[in-house]
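# Breakdown of the fold
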Amino acid sequence: MTGEQAGDMRALIEQIAKALVDEPEQVAVEVVEEDGGTVLELKVAPSDVGKVIGKQGRTARAMRTLLGAASMKLHKRYSLEILE
Amino acid sequence: MAIPDKIAAAKRINEFLRGVVANAGLRLKYRISVDPPMAEDRDWEKPEILVELSGPDSPLLLERGAELLRSLELLAMEMLRLPANEHEKICFDCMNHRSMRLEELRMAASVAAERVRKSGVPYKFAPMSSRERRIVHLALREHDDLQTESQGEGGRRFVVVSPKNYRPAGRSAPKTIP
């Protein structure tokens with residue numbers, strides 16, 4: 001692997017969400033800059049919402065853990081919101 | 001039941017991880033093996049797909065009880081739509097974390113067994129994943145004078161070790177004053 005590569009948080013969430021759902025073409029990630037950091041708003045087909053949240057919210061938590069680790073390397077704060 | 005097409009599943013995991021590692025900017029490499037030969041002391045788990053991660057960001061994967069490693073594993077399993085009872089068929093590992101954790105759990109189990117035997121009082125473990133609870137149950141199976149069960153809900157489930165035929169003293173029923 002070569003040098004330091006900057007992560008792309010929007011692409012990260014989009015890629016994971018597309019892998020999880022039945023209708024990847026309906027996945028959209030909106031980037032909203034707020035005072036405390038950047039919010040990534042994830043939108044999926046209504047029938048896919050459960051798949052990105054997971055049992056007891058485990059899938060969403062796993063995405064947030066990954067986002068937390070990746071954004072720490074960028075020294076920026078990102079959060080994930082799933083729109084229903 | 002086995003994963004229907006392991007090669008295809010391994011390829012999907014590879015594609016998934018390649019994207020995640022690049023997009024997250026993580027300095028990680030990984031190796032994916034299908035039906036990997038496992039060391040004898042690890043015969044308690046027989047993954048059909050083993051993903052071994054390494055590289056400068058390995059410590060990041062293992063922080064807070066390997067939270068990130070387990071998150072990647074969960075996302076891969078969800079992506080493959082693996083039912084919960086087949087989750088042990090995929091195993092993500094890094095720096096031998098799995099076998100070290102196994103040793104830790106076995107040691108904790110034998111300490112707990114001693115304690116319960118001496119005190120006659122149940123011992124509650126910290127909450128664990130189903131996979132880790134299973135290791136504790138298996139480690140204590142050979143102790144005929146003890147029994148184990150899982151209690152609690154969802155992500156807060158934990159193992160309780162108690163003396164065989166243990167009856168909690170007036171926990172559910174109100175205490176009567178003699």
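Residues numbered from 1 in each chain as written. Chains lettered and ligands numbered in written order. Predicted model: local features only at pLDDT ≥ 70, side-chain atom pairs only at ≥ 80, totals over all residues. Heavy atoms only, no water.

Let us now look at the side chain of Glu73 of chain B. All names here are of chain B. Structurally, the position occupied by Glu73 is in helix 2 (residues 58-79). On the basis of relative accessible area, Glu73 is assigned to the buried category, the value being 6%. With near-sequence residues (within four places) excluded, Glu73 lies in contact with Ile90, Cys91, Phe92, Arg98 and Arg131. (Helix = DSSP H or I, 4+ residues; strand = E, 2+ residues; numbered from the N terminus. Buried < 20%, exposed > 50% of the residue type's maximum accessible area, 1.4 Å probe, protein only. Contact = heavy atoms within 4.5 Å.)

A few words now on the sheet that holds strand 5 (residues 146-151) of chain B. Residue and element names in this part refer to chain B. Across the sheet, three strands lie side by side as 4-6-5; this open sheet has antiparallel pairing. Either end of the sheet is taken by a strand with one partner, and the two such strands are strand 4 (123-124) and strand 5. In the sheet, strand 5 pairs with strand 6 (residues 158-163) via six bridges, with the strands oriented antiparallel. Across the sheet, the residue bridging to Gln147 is Ser162, located in strand 6. Taken strand by strand, helix 3 (residues 97-119) contacts strand 4, strand 5 and strand 6, and its axis lies near 40° from that of strand 6. (Pairing = 2+ DSSP bridges. Axes fitted to C-alpha atoms, helices over the stretch in contact; angles between N-to-C directions.)

This part takes up the interface of chain B and chain A. Facing the 26 residues of chain B at the interface are 27 residues of chain A. Buried surface at the junction of chain B and chain A, summed over both partners, amounts to about 2200 Å²; 63% is from carbon and sulfur atoms. In terms of surface lost to chain A, no three residues of chain B exceed Asn23, Leu75 and Arg81 of chain B, which account for 27% of the buried area on that side. Applying the counting criterion to the chain B and chain A interface returns two salt bridges. The partner of Asp57 of chain B in a salt bridge is Lys73 of chain A, with the nearest N and O atoms 2.5 Å apart. At the junction of chain B with chain A, the criterion picks out eight residue pairs in polar contact (both at pLDDT 80 or more). Among the secondary structure elements, those contributing two or more residues to the side of chain B that touches chain A are helix 1 (6-24) and helix 2 of chain B. When its residues are assigned to classes, the side of chain B that touches chain A shows 13 nonpolar, six polar and seven charged. (Buried area = accessible area lost by both parts, 1.4 Å probe. Salt bridge = Lys/Arg side-chain N within 4 Å of Asp/Glu carboxyl O. Polar contact = N/O pair within 3.5 Å; in protein donor to acceptor, adjacent residues only side chain to side chain. Nonpolar A, V, L, I, M, F, W, Y, C, P; charged D, E, K, R; others polar.)

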